[in-house]
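Descriptive analysis of the structure
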Amino acid sequence: MKGLLICDCDEVLLHMVRHFGVWLREAHDITFAIENGDFANSMTRANGAPPPTRDEMWALLDGFFPNEMSRQTLVPHAREALSALSDVADVVILTNLGDHNRQPRIAQLLGHDMDYRVETNQGGKGDPVARLMAEFGNPVTVFVDDLAVHHTSVATHAPAVHRLHMISEPDLARHMPPAPDAHVRIDDWQVAQTWIANRFAAGLPA
């Protein structure tokens, strides 16, 4: 049986925060300090007005997706790593976007020669990971994501999954500690590819 690789997209396969920050400055005159990690507390208005509220932050994200997704750039070695790993595992991209962004995300990844199943999600990823495992016959599964909260969710709902914490944006990664509920933190796809391949080769749950 092939393994199952469930992989996030933004800051794992595609750079997002750096391009989101440029767009905020250009379109909204907002400075975005990506090193803070928390979107809602990372925005300041150049004119000195109060920063965006959390609701306004979500509205800004809705303005970026899908209209500005073309700004996003491929994380080095991500495409090659997934291509190699697809020989030994089914690959599913599990991305926390509104369902209306599923087709734009599929098209975006196809534009980078990444033709994989895409599932959109809102909230914790533990339940959808568990459902995907059941659908594929409960194979050896590896989960890759940049947010610690999702590793906690997967650890709770699908504890047999190998969990790899990856933050591909260097300006963000250096400020963010390893996720406590991940098994490993690797921010480079060449290194991550080897770690993931070894999990599939061993054939054992976490």
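Residues numbered from 1 in each chain as written. Predicted model: local features only at pLDDT ≥ 70, side-chain atom pairs only at ≥ 80, totals over all residues. Heavy atoms only, no water.

1. Overview of the overall build of the protein chain
Along the backbone of the protein chain there are eight helices and 10 strands. Here the C-alpha atoms of the protein chain give a radius of gyration of 17 Å, agreeing with the 17 Å that 2.2 N^0.38 yields for 206 residues. With respect to the principal axes defined by its C-alpha atoms, the protein chain has extents near 55 × 35 × 30 Å. Of the contacts formed within the protein chain by residues at least 6 apart in sequence, a portion of 64% connects residues at least 24 apart. For the protein chain, the accessible area works out to roughly 9500 Å², and carbon and sulfur atoms hold 52% of it. If the 16 positive side-chain charges of the protein chain are averaged to one point and the 27 negative ones to another, these points end up 2 Å apart. (Helix = DSSP H or I, 4+ residues; strand = E, 2+ residues; numbered from the N terminus. Rg over C-alpha atoms; globule rule 2.2 N^0.38 Å. Contact = heavy atoms within 4.5 Å. Areas by Shrake-Rupley, 256 points an atom, 1.4 Å probe, with all protein chains shown as cover. Lys, Arg positive; Asp, Glu negative; His and termini not counted. Charge placed at Lys NZ, Arg CZ, Asp CG, Glu CD.)

2. Some thoughts on the packing of aromatic side chains
Tallied over the entire structure, the rule returns five aromatic pairs. Between F20 and F64 the ring centres are 5.5 Å apart and the planes differ by 85°, which places this aromatic pair in the edge-to-face class. Linking F20 in helix α1 (residues 17–28) with F64 in helix α2 (residues 54–64), this pair joins segments that are 44 residues apart in sequence. Considered together, F20 and F64 belong to a single accessibility category, that of buried residues. The ring of W195 carries the charged tip of R199 above its face, separated from the ring centre by 4.5 Å. (Phe/Tyr/Trp six-rings, centres within 6.5 Å; stacked < 30°, edge-to-face > 60°. Buried < 20%, exposed > 50% of the residue type's maximum accessible area, 1.4 Å probe, protein only. Lys NZ or Arg CZ within 6 Å of the ring centre and 35° of its normal.)

So yeah, pure geometry; function would need other evidence.
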